[in-house]
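Here is how the chains run, residue by residue.
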Amino acid sequence: MRAAALKSGRIYVNDDVPEPQPGFGQVLVQVKACGICGSDLHFVKHGHEMIELGKQMKGMPQMGGGGEGSELDFDQDIWMGHEFSAEVLEIGPDTQAPSPGTIVTSIPILLTAKGIQPIVYSNEVHGGYGERMLLSAGMMAEVPNGLDPRYAALTEPMAVGLHAVNKSKVKQGEGALVLGCGPVGLACIAALKLKGIDTIVAADFSPARRRIATAMGATEVVDPAQEDAFDAWQRAGRGKSLVVYEAIGVPGIIDSVLRDAPMGTRLLVVGVCMEHDTINPFFGISKELNIQFALGYDPMEFNECLRAIAEGDIDVTPMITGEVPLEGVADAFEALGNPDEHCKILVTP
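Notes on the structure in this doc start here. (Residues numbered from 1 in each chain as written. Predicted model: local features only at pLDDT ≥ 70, side-chain atom pairs only at ≥ 80, totals over all residues. Heavy atoms only, no water.)

**Things to note about the side chain of Glu301**
Now for step 1: Tracing the sequence through the fold places Glu301 in helix H9 (residues 299-310).
Now for step 2: Buried within the structure, Glu301 lacks any salt-bridge partner; its nearest side chain of opposite charge belongs to Lys195, at an N-O separation of 7.3 Å.
Now for step 3: Within the structure, the side chain of Glu301 is placed 2.8 Å from the side chain of His163, a separation counted as a polar contact.
Now for step 4: Among the polar contacts listed, one links the side chain of Glu301 to the side chain of Asn166, at a separation of 2.9 Å.
Now for step 5: Setting aside chain neighbours within four positions, we find Glu301 in contact with Ala159, Leu162, His163 and Asn166. (Helix = DSSP H or I, 4+ residues; strand = E, 2+ residues; numbered from the N terminus. Buried < 20%, exposed > 50% of the residue type's maximum accessible area, 1.4 Å probe, protein only. Lys, Arg positive; Asp, Glu negative; His and termini not counted. Salt bridge = Lys/Arg side-chain N within 4 Å of Asp/Glu carboxyl O. Polar contact = N/O pair within 3.5 Å; in protein donor to acceptor, adjacent residues only side chain to side chain. Contact = heavy atoms within 4.5 Å.)

**Some remarks on the side chain of His82**
Now for step 1: Relative to the elements of secondary structure, His82 occurs in the loop between helix H1 (38-56) and strand S4 (83-91).
Now for step 2: In this structure His82 touches Cys34, Cys37, Ser39, Asp40, Pro108, Ile119, Val120 and Glu156, once residues within four positions along its chain are discounted.

**Looking at unusual backbone geometry**
Now for step 1: Here the phi dihedral of Asp94 falls at roughly 55°; this positive angle occurs in a residue that is not glycine.
Now for step 2: Relative to the elements of secondary structure, Asp94 occurs in the loop between S4 and strand S5 (103-106).
Now for step 3: Residue Asp94 is classed as exposed on the basis of its relative accessible area of 72%.
Now for step 4: Notably, Arg238 is not glycine yet its phi reads approximately 55°, a positive angle.
Now for step 5: Tracing the backbone through its elements, the reader meets Arg238 in the loop between helix H6 (229-237) and strand S13 (242-246).
Now for step 6: Using a relative accessible area of 60% as the deciding quantity, one classes Arg238 as exposed.

**Observations regarding the packing of helix H3 (residues 155-168) against H9**
Now for step 1: Two numbers describe how H3 lies on H9: the axes approach to 8 Å, and their chain directions differ by 115°. Every pair of crossing elements has a handedness; the one defined by H3 and H9 is right-handed. Counted together, Thr155, Glu156, Met158, Ala159, Leu162, His163 and Asn166 of H3 and Glu301, Phe302, Glu304, Cys305, Leu306 and Ile309 of H9 form the full contact between these two elements. (Axes fitted to C-alpha atoms, helices over the stretch in contact; angles between N-to-C directions. Left-handed = near helix turned anticlockwise from the far one by under 90°.)

**Some remarks on the pattern of salt bridges**
Now for step 1: With the rule as written, the count across this model stands at 20 salt bridges.
Now for step 2: In this structure, Glu52 engages Lys55 in a salt bridge whose closest nitrogen and oxygen atoms are separated by 3.4 Å. With Glu52 and Lys55 both in helix H1 and three residues apart, the pair spans about one turn of that helix.
Now for step 3: For Lys55, a relative accessible area of 41% corresponds to the partly exposed category.
Now for step 4: Note that Arg235 and Glu220 form a salt bridge whose closest N and O atoms lie 2.3 Å from each other. Taken together, the positions of Arg235 in helix H6 and Glu220 in strand S12 (residues 220-222) put the pair 15 residues apart, joining distant regions of the chain.
Now for step 5: Residue classification places Glu220 among the partly exposed positions, given a relative accessible area of 23%.

**Some points on the packing of aromatic side chains**
Now for step 1: Summed over all chains, the structure comprises four aromatic pairs.
Now for step 2: Ring centres 3.9 Å apart and planes at 5° place the aromatic pair Phe43 and Tyr121 in the stacked group. Note that Phe43 is positioned in helix H1 and Tyr121 in the loop between strand S7 (115-118) and strand S8 (132-136), a separation of 78 residues in sequence.
Now for step 3: The class for Tyr121 is buried, based on a relative accessible area of 2%.
Now for step 4: Seen from their ring centres, Tyr129 and Phe333 are 6.2 Å apart, and the 85° between their planes marks the pair as edge-to-face. Of the two residues, Tyr129 is situated in the loop between S7 and S8 and Phe333 in helix H10 (residues 329-335); the sequence distance between them amounts to 204 residues. Accessibility classification places Tyr129 together with Phe333 in one group, the buried group.
Now for step 5: Here the aromatic cluster, defined as three or more aromatic residues joined through ring pairs, consists of Phe43, Phe74 and Tyr121. (Phe/Tyr/Trp six-rings, centres within 6.5 Å; stacked < 30°, edge-to-face > 60°.)

Below is the structure:
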């Protein structure tokens, strides 16, 4: 089969990839669509640093061989693609799973004889940037309501936003300020709308992304080059308690939030900064601010997002700005560096 891979710092298409064979508890699927995630863009540029930082962390669960955080050979094919929908082709031995032809999506985890292996970055486990891949039957969810597989592929990134919003414990009567309107920030906006938050201010330098933020549910958008985001909040917030969602992930943003946020603000950090950052604790102490970090989602949040997309409670269509075949993956990674050109590009093998 064919699959796009990262090898020696370059994305290319391997035309001679061995066919995956489903084992017990596994299902062979044909990929219908796979979104290109911002974490994949980070990995192409900072993969070595991500692995080294992962090694420094203590208290993290250990995954099986070939998964995220294990030893990766960057001079061999690395398979990526974790935002996907697919069609069931073949069911492994002694496995209960949806019948062939069923459209599914899945939490990107593969259960194997070697243990739990994330479908994220691996020399062994194939991801959604290929024609076919293996999924674990117990992790799959059937796509309901005849939902377009392209939209179902966005279940995973939308679940990231829902998890961040849940972690923040925002409630009706409070308001939100979302800093950064890339896919993660937009997912937070959609989740806030789903939760019934009626004041959602979104800030981004890109006019295109501000337009998408409005379509996703932001009640007000601001260009930080024209108006400070916290000035916009003071104007729109009408004295409500504030939760800030930092979805930018560059040095200095967290400190600027601590400096400029109102007393008692809660800050939820979901943007992934790959560099050392510095904060002045005096700001946070003086105003009794709370900082929470968030990553990923749980199975309930994943299923809730699939339901919400299928029933029209979350409209993901404004986020999809392009589709490419496998041959277009490398160019798509390049194009996603321009926020005015693209938001979410789908790979449709």
